[in-house]
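Understanding the architecture of this molecule
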Amino acid sequence: MSRKLTVLSMTLVFLLALGLIAPVAAQDSTTVRYFTFSAAPDYLEELDEIIAGFEADNAGITIEVETAPFADYFTLLQSGIASGDAPDVFELNYENFVTYAANDTLLDVGSMVNAEAPYYPRALEAFTYDGKQLALPESFSDVLMFYNADLFDQAGIEYPTADWTWDDAIAAATAIKALGDDTWGLFSPVQFWEFYKKAAQNGECKFFNDDMTESTINSPACVETLELMTGFQTSGLMPTAADLSGVSDSELFLSGKLGMIVTGIWMFGAFADAPFNWDVQLEPMINQHAHHFFANGVAVSATTEVPEAAAKWAEYLTSSETVAKVRVAAGWELPALDEPAYFEDYLKQTPPANRAAVFTALESPVTPPVIVRQSEMQDAVNALLTQVVDGELTAQAALDQAKTEIDALIQ
Amino acid sequence: MNHSNAVAGTMQSTKHGEGIVVSHNGFTSIARALLMIVIVALMVLPFLWMLSTSLKEQQYILKTTPELIPNPLTFTSYTQLADRIDLGRTFFNSLFVALVGTVGQILVAAMAAYAFSRLEWRGRNTVFMLYLATMMVPAVVLVVPQFILIRQLDWVNTYQALIVPGLFSAFGTFLLRQALLTIPKDFEEAAFVDGANHFTIFWRIILPLSRPALATLAVFSFMGYWNNYLYPLFVARKESVATLPIALATLQAGPRALTEWNIVMAGAVITVLPILVAYLLAQRWFVRGVISSGIKG
Amino acid sequence: MFLAPSLIGLLVFIVYPIIASLWLAFQDWNMLSAPKFIGLANFQELLQDQDFWRALRYTLTFVVLYVPSVFVIGLGLALLLNQKVRGMIIVRTSTFLPVVASWVVVSLIWKWIFNPSYGLINYGLALLGIQGPDWLFQPQTALYAMVITSIWKDVGYIALLYLGGLQSISETYYEAAQIDGAGRWRSFRSITLPLLSPTMFFVAITLLINYFQLFEQVWLMPMTDSAADRQLRVIVTEVVRNAFSYNRMGYASALSWVLFILIFIITFVQFRLQKRWVYYESQ
C-alpha cells in the first residue's frame, strides 16, 4: 500500500511540475490562431511551408491553423465571433468582407502594414471600408473564356480574339453546335454572378443606383442583358440543367463536347490533361470588357489579444516573396501583388498558351454588388432567373420582381 | 384513450404470425402471391440498384439503358470513396456515437422511468407532463438554440455534441415508464423486506424484468443516432467527428460527385448496411416497438 | 435521485433551448453583434414574406399529396400483411427495410433513380412509350418525386402501426358477423374500420406532425442549381437557410415557432374532430 502511495505521489508531483513549467514555456512564444478555408484539403503542405518561412523570420510567434470547408466556414466563423472565441487571423472572401467590416469585427491594420508592400492598389482598395484598411488582399482569380481549339478547327472557324463580341461568339457557337447532336456551342450559366458581369459588359445596366438606396435591376439595359443570357439556352446553343442531367459543365468541356465555356482560371489544373487542344481568351464583350475578379483577403479580429503578431502574420501571408513563390508553383490562386517577376514562371506553363489573358483581364475587373444581406439577394435573383429560363416569366417581369425583393433587403 | 394496459399487455405478449386465416382458392392465392412478389421487389429493388451502381466502373454508369448486373464488376468505387473521406474514421464515429448514445440513453431513461413509476413523490405527474410537453415541440425549434448552446460549451465538432443532447429523449423515458408500470409491486416489497435499497432493486430486479422494453428502446435509439442528419450537420462536420450521413451528404455535394454516382452509392451502401443488418437480426424488437407505440395512441 | 440525470439533461438541452428559441424569435441577431430586441417585427415580416408563403404552400401541397396516399396504401398493405400466408414474413421484413435506412441514403438512391437521362424511372417509362419528365429539376415534378420516395420509405412503418391495431380486434366480432351472414366487405366496413379508427387517428396525427417538419428530402434531392433547387422550399428548409446561410437567427427562430403553432393547431383540431369518427371500445 505504501508503495502505491509513493508512486501516486511522485506522479502527482511530476504532473504538477509539468503544469508549472508548461505555461512558463508557452509564455516565451505568442500563438496566433489562423482560420482558413482555402488551404484545406489540397494545399495544407503549401501552407506549412509558408508557416515555416514565417516562423523562421519571426522567432517567438507560433501559428496555429484551423480549417473548415468553404460551405461551413462562415457559419463557424460567425458563431466563433458570437461566443467571444474568434480566431486571431482569418480569411474572408470579398463578398463577405462587407458584412464583417460593417459589424466592427475587424481590426484596422492600415498602420501596421509595411507601406512598401507591393499589393495591387485596386486589390488593397477592395478591402477598405469607411476609409480603414480592414483586411489585406491575399489572392485573386479571374474568369476567362476557355475554348476547344479542335472543335473550332473542325467547324472551320477562327479562334476567338480579344475583341470578340457576344455576337461573334454566338456565330461560332452555332457553327460548333451544327457539328453534332451531342455537341454544344457554349456555356455561360444564367445566374447571379454571370448576370452582374454581363451587366458590366453592357455598361448601362446597374444593379443599384449611386447611393445604394434603390435597386435599378429592372432597367431596359438590364432586361436586354438578361435576354442575351437566356437566349443562349433558348436558342439551343447551351445545354439546360436537364440536358446535362447531372454532368457538370466542366466535365462536358473535358469530354470534348463543348465549344466554349466561361469559367475560372482555377480550372487550369483540372483541364491540363484534356485530350484535345484548348486555350483561353478574354471573355467576349457586349459594349465593353468586364471580367470577374474574385479576391480573398485576410483579416485580423478586432478582439484579438495579440494584434502585432497577428498583423505580422497577415502581412507575411499576403505579401511575402515566399508566399508568392509557393502559390504560383502550386497553382494555389495568385497573390494579389504587382510584381511581374513573381509571375514569370506562371506565364511559362502551358496549357493554356495564352496565359497573358489572365492579367489582361485584370484591366477590366468587376466586383459583385455587395449588400449586407448578400446571400438572400443572390438566392432571390437566382430563383427568378430560373423562371425566366423556363419561360414562366419574361425577363422584364422577373427583373421587376427582383427589384421589389432587393429593395426590401436593403432597408 | 386509456390504453396503457393494452400497451403493457401487448409489450409482453405480442403474438407474431397471428393473422387472419384466409382462403386458399386458386385465383385469390395466385393474385395474392403475385402481389406479394411485386411488393417485395419494389421495396428491395432500389437497394439492389444502389449496390449495383456502387460496383460499376465510372464509364458504365451514365448509360441510358440501365443494367442491373455490373459488367465488369469492380470495387474501385469503394477505394475511391476511402480516398475522398476518411472511411474508417467516419464509420468508427458513427458506431461510437450510436453505441455510447444508445447505452447512455437507456440508462438515463430507465432511471427516470423508475422514478416516475415505482417511486411516489410530490409533483410526479406535473413533471411527467413537462416531459410529454417537450415531445410535442418540433425538432427544428431546437436547432438554432442548441447550436448556440453547443458553441457556448465549446463542444463544436466533438463527440459530446453528438451524443449528449440526444441522451435526454423524453420519448425513451415515456416508453420505459409505460413498461415499468406493468410490473407488480410485489417484487419490490419482497426485496425491501430483505433489506435491499432502491438502487439494488433497480439494478437487479426491475431492469431484468423490463428487457423487452429496453431492447425496443435500444433499437430505436441506435437507429436515431446512426441516421441523424439535421443536427450533426451544424454541430459536427469536421472529419474527425463526422458521422456517415454527414460524410455522405458532403460527398454528394462536391463538384464532381454528380457524375460519380458509383462512389456516392458506395458511400450509401456503407452507411445503410449496418442498420439493415441490425434490423434483420433484431426484427422482433423493431416490430414490437412500433406496434406497441401505435396502439397507445 | 434517479430522476436527476434525466431531468437535468432535459432542462439543459431541451427546455432551455425551447425557451431560448422563443426569446430569440423576438430578437434580431446575426451573431456578429449583440441581439437587438425588435418585438413582433419578425412575425410581421414573416406574414408578408413571399418566401414563407411559398414554403407553406409547398409544405401543404406535399402533405395533401402524401398523407392520404400513404394512409390508404398503408392500410391496404396492412390488410395484406395480416393474412396468415407462408412467406408473408418476408414481405413484412422487406417493407420495413426502407424505414430503417436513413433519409440521406434514401434521398441519394432515389435521386439517382429519378435522373431524367440515366435513371430507372424514366427508363421504365420509356419502355412504355412515355417521355419521362425532368423530375428533380423542376419544382412541381420534384415534389411528386419526393412524395413517391416518401411513400416508399414510410409505408412499411404505417402498415405495421395498422397491423397492431388490426391484431387487437377480437376474433369474436368477426365470428359473430359471419354467423349473421355478413360478407367480407360488410364486416370490413362495420367492424374493421370502426375498431381500427383509434389506430387510424394515431397514424393521421403522427403523419401530420412529422410531415409538416419535412426536411431531408427537400434539402437533398433537387438537382443542384436547377429550378427545383432554387424554388422548392418548405418551412424547415427556410428555418435552416435563414439560420445558417443568411445568419438571421431571430427570424429563423420566429419561423420555427410559427411552425410549432401550426402543428399545434392542426393536432388540436384533429383531437376535436376525433369525437366524430373515432370509435373507442371502452365507450
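Because the structure is a prediction, the values reported are computed rather than measured. Starting from 1, residues in each chain are numbered consecutively following that chain's sequence as written. The order in which chains are written sets their letters, starting at A; the order in which ligands are written sets their numbers, starting at 1. Residue-level local features of this predicted model are given only where pLDDT is at least 70; pairs of side-chain atoms are given and counted only at 80 or more, and the full residue set underlies all totals for whole chains, interfaces and linings. Each side-chain value is derived from all of the structure's non-hydrogen atoms; neither hydrogens nor water enter the calculation.

**Some words on the overall build of chain B**
In terms of regular secondary structure, chain B is built from 15 helices and 0 strands. We call a residue buried when its accessible area falls under 20% of the maximum for its residue type, exposed when it is over 50%, and partly exposed in between, using a 1.4 Å probe and counting protein chains only. By the burial criterion, 55% of the 297 residues in chain B qualify as buried. Only heavy atoms matter for contacts: two residues are in contact if any of them lie within 4.5 Å across the pair. Sequence-distant contacts, at least 24 apart, represent 75% of the contacts inside chain B between residues at least 6 apart. A run of DSSP states H or I qualifies as a helix once it reaches four residues; a run of E qualifies as a strand once it reaches two. Both are numbered from the N-terminal end.

**What about the overall build of chain C?**
Counting secondary structure elements, chain C contains 13 helices and 2 strands. For chain C, the spread of C-alpha atoms along the principal axes amounts to about 75 × 60 × 40 Å. Within the span of chain C, comprising 283 residues, buried residues form 61% of the whole. Once local pairs closer than 6 in sequence are excluded, the contacts in chain C between residues at least 24 apart make up 69%.

**Some words on the environment of Trp257(C)**
Along the chain, Trp257(C) falls in helix α13 (residues 249-277). Since its relative accessible area comes to 12%, Trp257(C) is described here as buried. Residues Trp257(C) and Phe71(C), spaced 186 residues apart in sequence, show a C-alpha to C-alpha distance of 27 Å. Non-local contacts of Trp257(C), meaning those with residues more than four positions away in its chain, are made with Val141(B), Ile18(C), Ser21(C), Leu22(C) and Ala25(C).

**Describing the packing of helix α4 (residues 87-117) of chain B against helix α5 (residues 124-136) of chain B**
All names here are of chain B. For helices, the axis comes from a line fit to the C-alpha atoms of the stretch in contact; other axes are also lines fit to C-alpha atoms, and the angle between any two N-to-C directions lies between 0 and 180 degrees. Between α4 and α5, whose axes approach to 10 Å, the crossing angle comes to 140°. Here α4 is positioned oblique relative to α5, judged by the angle of their axes. Across the interface between the two elements, Ala112, Ala115, Phe116 and Ser117 of α4 pack against Arg124, Val127, Phe128 and Tyr131 of α5. Charged residues are taken to be Asp, Glu, Lys and Arg, nonpolar residues to be Ala, Val, Leu, Ile, Met, Phe, Trp, Tyr, Cys and Pro, and polar residues to be all remaining types, Gly included. For the contact of α4 with α5, the class distribution of residues is 6 nonpolar, 1 polar and 1 charged. Every angle not falling under 35 degrees, over 145, or within 65 to 115 is termed oblique; those three ranges are roughly parallel, roughly antiparallel and roughly perpendicular.

**Some thoughts on the interface of chain B and chain C**
Each side of the interface is counted separately: chain B has 96 residues, and chain C has 86 residues. Defined here as a combined quantity, buried area equals the accessible surface (1.4 Å probe) lost by two parts on assembly, summed across both. For the pair chain B and chain C, the two sides together bury roughly 8,300 Å², of which 79% comes from carbon and sulfur. The salt bridge definition used is simple: a Lys or Arg side-chain nitrogen within 4 Å of an Asp or Glu carboxyl oxygen. Linking chain B to chain C there are 0 salt bridges. For the side of chain B that touches chain C, the leading source of residues is helix α2 (residues 26-54) of chain B, giving 13 residues. Taken together, the residues that form the side of chain B that touches chain C break down as 73 nonpolar, 19 polar and 4 charged.

**A short note on the state of the cysteines**
Residue and element names in this part refer to chain A. Note on terminology: disulfide denotes any pair of cysteine sulfur atoms within 2.5 Å. Going through the model one piece at a time under the given rule, you end up with 1 disulfide over all chains. One disulfide in the model links cysteine 205 with cysteine 222; its S-S distance is 1.8 Å. Looking along the S-S bond of the cysteine 205-cysteine 222 disulfide, the torsion reads about 95°, which is the right-handed sense. Taken as a pair, cysteine 205 in the loop between α8 (192-202) and α9 (220-234) and cysteine 222 in helix α9 lie far apart in primary sequence, 17 residues in all. Using a relative accessible area of 0% as the deciding quantity, one classes cysteine 222 as buried.

**Re the pattern of salt bridges**
Here the idea is simple: oppositely charged side chains can pair when their charged atoms come close. Residue and element names in this part refer to chain A. Counting across every chain of the model gives 17 salt bridges over all chains. In this structure, the salt-bridge partner of lysine 198 is glutamate 194, at a minimum N-O distance of 3.0 Å. Within this pair, lysine 198 and its partner glutamate 194 are both found in helix α8, separated by 4 residues, close to a single helical turn. On the basis of relative accessible area, lysine 198 is assigned to the buried category, the value being 0%. Classification of glutamate 194 by relative accessible area gives buried; the value is 5%. Several salt bridges converge on common partners, so that one network encompasses Glu194, Lys197, Lys198 and Glu283.

**Some points on the pairing of strand β6 (residues 136-148) of chain A**
Residues and elements named next belong to chain A. With 13 of its 13 residues buried, β6 lies for the most part within the structure. Strands were regarded as paired on the criterion that DSSP finds at least two bridges between them. Pairing of β6 with strand β10 (residues 291-300) involves 6 bridges; the strand directions are antiparallel. Looking across to β10, one finds that serine 139 is bridged to asparagine 296. Where β6 and strand β8 (residues 258-264) come together, 5 bridges link them in antiparallel fashion. Across the sheet, the residue bridging to valine 143 is glycine 264, located in β8.

**Observations concerning helix α13 (residues 307-319) of chain A**
All names here are of chain A. Across its 13 residues, α13 extends 18 Å between first and last C-alpha, which sits within 8% of the 18 Å expected from 1.5 Å per residue. Within α13, 10 of the 13 residues are buried, leaving the element largely enclosed by the surrounding structure. Along α13, the positions that sit buried rather than exposed are Ala309, Ala310, Ala311, Trp313, Ala314, Glu315, Tyr316, Leu317, Thr318 and Ser319. Each helix should span, by expectation, one fewer than its residue count multiplied by 1.5 Å.

**Notes on the confidence of the model for chain C**
As a general rule, the predicted coordinates of low-pLDDT regions are not to be interpreted in detail. All names here are of chain C. For every residue, the pLDDT score states the predictor's confidence, bounded by 0 at the bottom and 100 at the top. On average, residues of chain C score 85 in pLDDT, and 98% of them reach the 70 mark or higher. Element-level mean pLDDT values for chain C span from 78 in helix α8 (residues 171-179) up to 91 in helix α3 (residues 50-81). Overall fold confidence (pTM) sits at 0.80, and the ipTM for the predicted complex is 0.82.

**A few points about a nonpolar patch on the surface**
Residues and elements named next belong to chain B. Residues enter patches when they are more than 30% accessible in relative terms and free of salt bridges; like-charged ones are connected within 9 Å and nonpolar ones (Val, Leu, Ile, Met, Phe, Trp, Tyr) within 5 Å. Computed by Shrake-Rupley with a 1.4 Å probe, the accessible areas treat only the displayed protein chains as cover when residues are assessed. On the surface, a nonpolar cluster with roughly 440 Å² of combined accessible area is contributed by Leu45, Leu48, Leu51, Leu68 and Ile69. Position of leucine 68 among the secondary structure elements: in the loop between α2 and α3 (76-84). For leucine 68, a relative accessible area of 39% translates into the label partly exposed.

**Describing the pairing of strand β9 (residues 278-281) of chain A**
All names here are of chain A. Because side chains alternate across β9, one face comprises the buried residues Trp278 and Val280, and the other comprises Asp279 and Gln281, equally buried. Sheet topology note: the β6/β9 ladder contains 4 bridges and is antiparallel. Looking across to β9, one finds that methionine 145 is bridged to glutamine 281.

**Overview of the packing of aromatic side chains**
All names here are of chain A. Side-chain rings of Phe, Tyr and Trp (the six-membered ring for Trp) are treated as a pair once their centres are within 6.5 Å; stacked means planes under 30 degrees apart, edge-to-face means over 60, and tilted covers the remaining angles. The tally for this structure, following the rule as stated, stands at 61 aromatic pairs over all chains. Where tyrosine 147 meets phenylalanine 152, the ring centres are 5.5 Å apart and the plane angle is 65°; that geometry is what we call edge-to-face. Judged by its relative accessible area of 0%, phenylalanine 152 falls in the buried class. Measuring from ring centre to ring centre gives 5.9 Å for phenylalanine 192 and phenylalanine 207, while their planes differ by 65°; the resulting arrangement is edge-to-face. You can see phenylalanine 192 sitting in helix α8 and its partner phenylalanine 207 sitting in the loop between α8 and α9, a full 15 residues away along the chain.

**Structural notes on the side chain of Ser253(C)**
With respect to the element layout, Ser253(C) can be found in helix α13. Setting aside its immediate chain neighbours within four residues, Ser253(C) contacts Val144(B), Ser21(C), Leu24(C) and Ala25(C).

**Description of unusual backbone geometry**
Residue and element names in this part refer to chain A. Here the phi dihedral of aspartate 104 falls at roughly 60°; this positive angle occurs in a residue that is not glycine. Mapped onto the elements, aspartate 104 comes out in the loop between α4 (94-102) and α5 (121-126). The class of aspartate 104 is exposed, set by a relative accessible area of 64%.

**Some words on the environment of Ser255(A)**
Residues and elements named next belong to chain A. Looking at the element boundaries, serine 255 is found in the loop between α11 (249-254) and β8. The sequence separation of serine 255 and threonine 183 amounts to 72 residues, and the corresponding C-alpha distance is 10.0 Å. In protein, a polar contact means a hydrogen-donor-capable atom and an acceptor-capable atom, both N or O and within 3.5 Å, with residues adjacent in sequence counting only if both atoms are side-chain atoms; elsewhere, any N or O pair within 3.5 Å suffices. Of note is the side chain of serine 255, whose polar atom sits 2.7 Å from the backbone oxygen of leucine 252.

**Comments concerning the confidence of the model for chain B**
When pLDDT is averaged across chain B, the result is 76; 84% of the residues are at 70 or more. This model gives residues 1-17 of chain B a pLDDT under 50, and the stretch forms 23 contacts once residues within four places in sequence are excluded.

**What about the environment of Glu188(B)?**
Inspection of the secondary structure assignment puts Glu188(B) in helix α9 (residues 186-193). Sequence-distant contacts of Glu188(B), that is, excluding residues within four places in its chain, are made with Tyr114(B), Arg118(B), Ile201(B) and Ile206(B).

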